[in-house]
Amino acid sequence: MSRIIFHIDVNNAFLSWTAVKLLNSGYPIDIREIPSIIGGDESIRHGIVLAKSPVAKKMGIHTAETIYMARKKCPNLKVFPADMSYYKEMSTKMIDYISNYSPDLEQFSIDECFLDLTGTHYLYDDIIELAYKIKDEIYSKFGFTVNVGIGNNKLCAKMASDFEKPNKVHTLFDYEIEAKLWPLPIDSLFMVGEKTAFKLKKMGFYTIGDVAKCDPKRLVKEFKLFGKDIYERANGIDDSLVDSTISQNKSISVSWTLEKDTDDISEIKRILLRQVDEVGRSLRREKLYTTVIAITFKTYDFINFSKQVTLDFPINSNDDIYDDVIQLLYKAWNFEKIRNIGIRLSGFTNKRVSQNSLFESIDNKVDDHEKIQAVLDSIKDKYGSHIIQPASLLEKDKKS
């Protein structure tokens, strides 16, 4: 039996959710219909466009550019702050509603999810009609629109949901791949970023079909194992399952935009130390261990970088997480000035696994360390994270 997968994606989530909040509180204008953006606080260097209305997009405003530049393009631009707590509330409402149609739901991000409807033909006569029902009910219940992509796997469902926006239903079944997927530009293939697309174009691949019909050995020679992934995606191949177990706590992350661009390694390490404490405490509060650690940063010229590592053994202590974060920093960073930096933990498990040693009892040492870490966490939760700090942070505060 062929699988049936939905990918449900909120159209312009942050701006749409802000519009709903404003309208519900009596604001007289739907900001989706005027030149408007969601942006950070310009006064403390968080003045970046996070989301834009269709009208603002037509005026040439781009996500991630400065609000200063956006205002030059559109002097009457309306700027509204992000409200992450409200966005999470709207996301939860949407996910709770969608989960009524199938328990096999995987939340992919705050504004999108996959839904596995394989084998539900006895419940739903027409799967496309069901997609329209879900789309229309989300709008009537919550006031924002979504796109629904339908495919025989997660990749095709996600690609389908991007075909045309907003408020649409699209299909990309196995038999439609050649007609619908292959003519698209190579840049639009899921997980193919700007750098990869540039290399593929230099190799003579301009459409997804060009890649799908090539000798995959060429891709493997250029991109190693990633080349095999690119070839399979271009052919609509994806065997990954909709995993409902990772919908909760899919990742724990923190990201800060700095008040001033910096390439000072000592300052960057101090920032990362504070961030490790924040994500580490969240991890331990949930009684979880991480097996995947990533560092992300944006340079002064708005170029994004990231690097991640998959661990042999799950960890949750600040010291262990920090050691891996610093190793990732040196691997990913070319010492350009940084304006934004963050950490992301994922690959969670609730079981601790230690490597046995012939010479000492690792479990006893880990137990003692976790007890100490738990005491420190409880003190910080009660009195604030500033109450206990590493010596390196205290030295910095004395100099400031």
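Report on the accompanying structure. Keep in mind that what you see is a predicted model, and the values were worked out from it rather than measured. (Residues numbered from 1 in each chain as written. Predicted model: local features only at pLDDT ≥ 70, side-chain atom pairs only at ≥ 80, totals over all residues. Heavy atoms only, no water.)

1. Describing the packing of aromatic side chains
For the structure shown, the criterion picks out 14 aromatic pairs. Taken together, the aromatic side chains of F14, W17, Y87, Y97, Y101, Y124, F142 and F144 make up a single cluster linked through ring pairs. Geometry around F114 places K154 over its ring, the cationic atom sitting 5.2 Å from the centre. (Phe/Tyr/Trp six-rings, centres within 6.5 Å; stacked < 30°, edge-to-face > 60°. Lys NZ or Arg CZ within 6 Å of the ring centre and 35° of its normal.)

2. A word on the environment of F190
Following the sequence through the fold, F190 ends up in the loop between helix 7 (177-181) and helix 8 (194-202). Taking relative accessible area as the criterion, F190 reaches 25% and is therefore assigned partly exposed. Residues F190 and M159 lie 31 residues apart in sequence; the distance between their C-alpha atoms is 7.0 Å. F190 has contacts with F108, L155, K158, M159 and R233, leaving out every residue within four places of it along the chain. (Helix = DSSP H or I, 4+ residues; strand = E, 2+ residues; numbered from the N terminus. Buried < 20%, exposed > 50% of the residue type's maximum accessible area, 1.4 Å probe, protein only. Contact = heavy atoms within 4.5 Å.)

3. A word on the nonpolar core
Ranked by size, the top nonpolar core spans 40 residues in total, and within it F6, I8, I98, I134, I138 and F144 carry the most contacts. Taken together, the elements giving at least two residues each to this core come down to strand 1 (5-10), helix 1 (13-24), helix 4 (84-98), strand 6 (112-116), helix 5 (127-142) and strand 7 (146-151). Broken down by element, the residue count for this core peaks at seven residues, all from helix 4. For I134, the contacting residues outside a window of four places in its chain are F6, I8, Y97, Y101 and L115. L288, L311, I315 and L345 belong to the second-largest nonpolar core, a separate cluster that totals 29 residues. (Core = buried A, V, L, I, M, F, W, Y, C linked by side-chain atoms within 4.5 Å.)

4. Describing the sheet that holds strand 1
The sheet built from five strands is open, its strands ordered 5-6-1-7-8 with mixed pairing. Two strands lie at the open edges of the sheet, namely strand 5 (105-109) and strand 8 (169-172), each paired on one side alone. Put simply, the sheet's adjacent strands are angled 20° from each other on average, direction ignored. Where strand 1 meets strand 7, six bridges bridge the pair, whose relative direction is antiparallel. The partner of F6 across the bridge, within strand 7, is I150. Each of strand 1, strand 5, strand 6, strand 7 and strand 8 is contacted by helix 6 (residues 154-161), which is oriented at about 140° to strand 7, the strand it contacts most. (Pairing = 2+ DSSP bridges. Axes fitted to C-alpha atoms, helices over the stretch in contact; angles between N-to-C directions.)

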